[in-house]
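Geometric and topological summary
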Amino acid sequence: MGYTGELIDGFFSPMSTTSCGNVFIGDLIQYQSSGSSCMGCVVQFICQEGQDAIHCRVCKLDHHPQLSAKSYVIGETLSIPVCCIEAVLDVQAQALHVLKCHEGHFVQLTENEYTSLFSPHPMKIKSMQWGGIPVVMVPITLFTDDTSGNKSKQWNKFDSWNFRLEGLSKKENGNLQNIHFICALNKVPVLDMAVPLVQEFTALENEGIIAYDAFLQRNVIVVAPILNIICDNPRGAEVCSHLGATTSKYCRICMADVTTGLHSIGCLRNKPDTLCQIARIQSARTQKEMKQLQKEFGVSAKPNPLLELFIDLHRCTPVEVLHTLLLGPYKYLFRDLMGRLTTVQRKEIQARISSFSFSGFDMKLSRNVAKYFKSFVGRDFKILAQLALFVLPPYLTPGETEVWFALSKVFKFVYCDTFYLRWLMCTSLNAWPLHMLWKGTALNSGGSKLKIHILLHLPDDMLQFGPASTFNTERCESYNAAIRGRNIYANRLRVKILPQALQFKKAYDSCVQEAITMH
């Protein structure tokens, strides 16, 4: 899944298949450790960095010589490979008397402590009801965006919801066939569209569904928790019940205020606080009091069904790079530079780029930079970011060169496939090279943008979700063309839903048929 930070409990796999059958969290097991047979209770399953084998964390039960044969004391928590598990024991049949050490004395566990340690996992109960079938954890990522339903320049806004599976390789993650359409409509606000979706997602998170696994050739229980919701910054504010960049508390992730500037991170927002703030706003007696509270918190009181999901939306709407970095500082800096250069200097830059070797690039700048720099899109700025320090220095001041160099450090971390945790921690502790951005004059026009501040939260998102390539929106944005291409039976006044739905069903059926043929 790309996690490098602390995992949320809901995303741990509840089960692992071993030589002695399916082992669930909460099971009492017998395992081998240092050549001896031991007993313990499974706490969670993990994959450790640099190792292919699945490990499980086990709360060891030690037998003390002064106690009776059936009495055990809770010991340390160990990490062992699942291949070391010898058997799954029946807690009731063992009739264990479990104690804990408290201030040098052995005391009996309370009823709640015993239940939390040895109670069967809910997914185990459901698995046994279906004959002991395996449970598969399949986290998903949601993507929401607005796009035009017209191929022409006339804007016909459609809000859409899509999803993709997490844990895929980088190549498969960028394959449009692995992005799945949920819904799109131009007459219903995006949060109203989410009401029936949240019901389905909550059921997937809590209960799972029965599905057929073509690889195992048997039924499995699929549990699909939502890992995160990726979107651009305006939609991210809407998803988090935030008023957006125009309010005094302009950041959806923290409580940063316009009076403190864009350079520092405020107290981080969280789901419980947001729910309390919404309740206070809704209980306001007058309209004036309601507006004052909204301004104080930067929170919208509109009904938001997404707050019913398991995840904390403020932590799980990561900073996306396309609009925030490429179409943020890079666009501001380059447009400012080209705007003050003469026609001759612009042609010189075009000649420098034309003579640059693009042999190591997937693509090259195909447009005339001197003429069309105002029409550049994300992929153009992505290429420009990699060659800027080789082409632009003769036209930059020393302060601007320092700014571009700082941006190149950010770009290196953002588009890397892997990174050492200590590198990112060190960069984050050094205030992230973005502190250099305010030293130059080129960002005076863009220095007040939310994008400059929200990039300071990017290291935290990378620590939590892994490389930024796992939550970028570039390929999902490309999927908007598929929605637009199938919207051929609609106009601004009338939307014919059935033909569009049949178009997507036909495409989906062909993908499923192809997958079945491959197996």
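See the structure shown above.
Figured I'd write up the structure that's included with this text. Not measured: the values here are computed from a predicted model.

Notes on a nonpolar patch on the surface
A cluster of nonpolar side chains, contributed by Leu 389, Phe 390 and Phe 405, occupies part of the molecular surface with about 310 Å² of accessible area. Relative to the helices and strands, Phe 390 resides in helix α12 (residues 378–391). Residue Phe 390 is classed as exposed on the basis of its relative accessible area, which comes to 58%.

Side note on the packing of aromatic side chains
Going through the model one piece at a time under the given rule, you end up with 11 aromatic pairs. Taking 6.3 Å as the distance between ring centres and 85° as the angle between the ring planes, the aromatic pair formed by Tyr 330 and Phe 411 counts as edge-to-face. Of this pair, Tyr 330 sits in helix α9 (residues 321–340) while Phe 411 sits in helix α13 (residues 398–414); the two residues are 81 residues apart in sequence, bridging distant segments of the chain. Note on Phe 465 and Phe 471: the rings are 6.2 Å apart at their centroids and 65° apart in plane angle, and the pair reads as edge-to-face. Under the relative-accessibility criterion, Phe 465 is labelled buried at 1%. One aromatic cluster in this structure is built from Tyr 330, Trp 404, Phe 411 and Tyr 415.

Topic: the pattern of salt bridges
With the rule as written, the count across this model stands at nine salt bridges. Among the ionic pairs, Asp 62 bridges to Lys 60, the shortest N-O distance being 3.6 Å. A relative accessible area of 30% means that Asp 62 is categorised as partly exposed. With a shortest N-O distance of 2.8 Å, Arg 340 and Asp 336 are connected by a salt bridge. Taken together, the residues Arg 340 and Asp 336, both in helix α9 and four residues apart, mark about one turn of the helix.

Some points on the pairing of strand β8 (residues 97–102)
With three bridges joining them, strand β6 (residues 71–81) and β8 adopt parallel strand pairing. Paired with Ser 71 across the two strands is His 97, which belongs to β8. One ladder, built from four bridges, connects β8 with strand β9 (residues 105–108); its direction is antiparallel. Looking across to β9, one finds that Leu 99 is bridged to Gln 108.

As for the environment of Cys 183
As for its position among the elements, Cys 183 is in strand β13 (residues 179–185). The exposure class of Cys 183 is buried, given its relative accessible area of 19%. Taking the C-alpha atoms as reference points, Cys 183 and Leu 197, 14 residues apart in sequence, are found 9.5 Å from one another.

Remarks on the sheet that holds strand β15 (residues 218–223)
In spatial order, the strands read β10-β15-β14; together these three strands make up an open sheet with mixed pairing. The open sheet has two free edges, formed respectively by β10 (135–137) and β14 (209–213), since each of these has just one partner strand. This sheet shows a mean twist of 45° between the axes of neighbouring strands, independent of strand direction. Pairing analysis gives five bridges linking β14 to β15, with the strands arranged antiparallel. Paired with Ala 211 across the strands is Val 220, a residue of β15.

Section: unusual backbone geometry
Of note in the backbone geometry, Ser 34 takes a positive phi value of approximately 55° without being a glycine. Within the element layout of this structure, Ser 34 appears in the loop between β3 (28–33) and β4 (36–47). Look at Ser 34 and you get exposed, because its relative accessible area is 82%. With a phi angle near 60°, Ser 241 is a residue other than glycine that sits in the positive phi range. Mapped onto the elements of the fold, Ser 241 is located in the loop between α6 (233–239) and α7 (271–282).

Rules and cut-offs
- Residues numbered from 1 in each chain as written.
- Predicted model: local features only at pLDDT ≥ 70, side-chain atom pairs only at ≥ 80, totals over all residues.
- Heavy atoms only, no water.
- Patch = residues over 30% accessible without salt bridge, like charges linked within 9 Å, V, L, I, M, F, W, Y side chains within 5 Å.
- Areas by Shrake-Rupley, 256 points an atom, 1.4 Å probe, with all protein chains shown as cover.
- Salt bridge = Lys/Arg side-chain N within 4 Å of Asp/Glu carboxyl O.
- Helix = DSSP H or I, 4+ residues; strand = E, 2+ residues; numbered from the N terminus.
- Buried < 20%, exposed > 50% of the residue type's maximum accessible area, 1.4 Å probe, protein only.
- Phe/Tyr/Trp six-rings, centres within 6.5 Å; stacked < 30°, edge-to-face > 60°.
- Pairing = 2+ DSSP bridges.
- Axes fitted to C-alpha atoms, helices over the stretch in contact; angles between N-to-C directions.

Geometry only, nothing functional implied.
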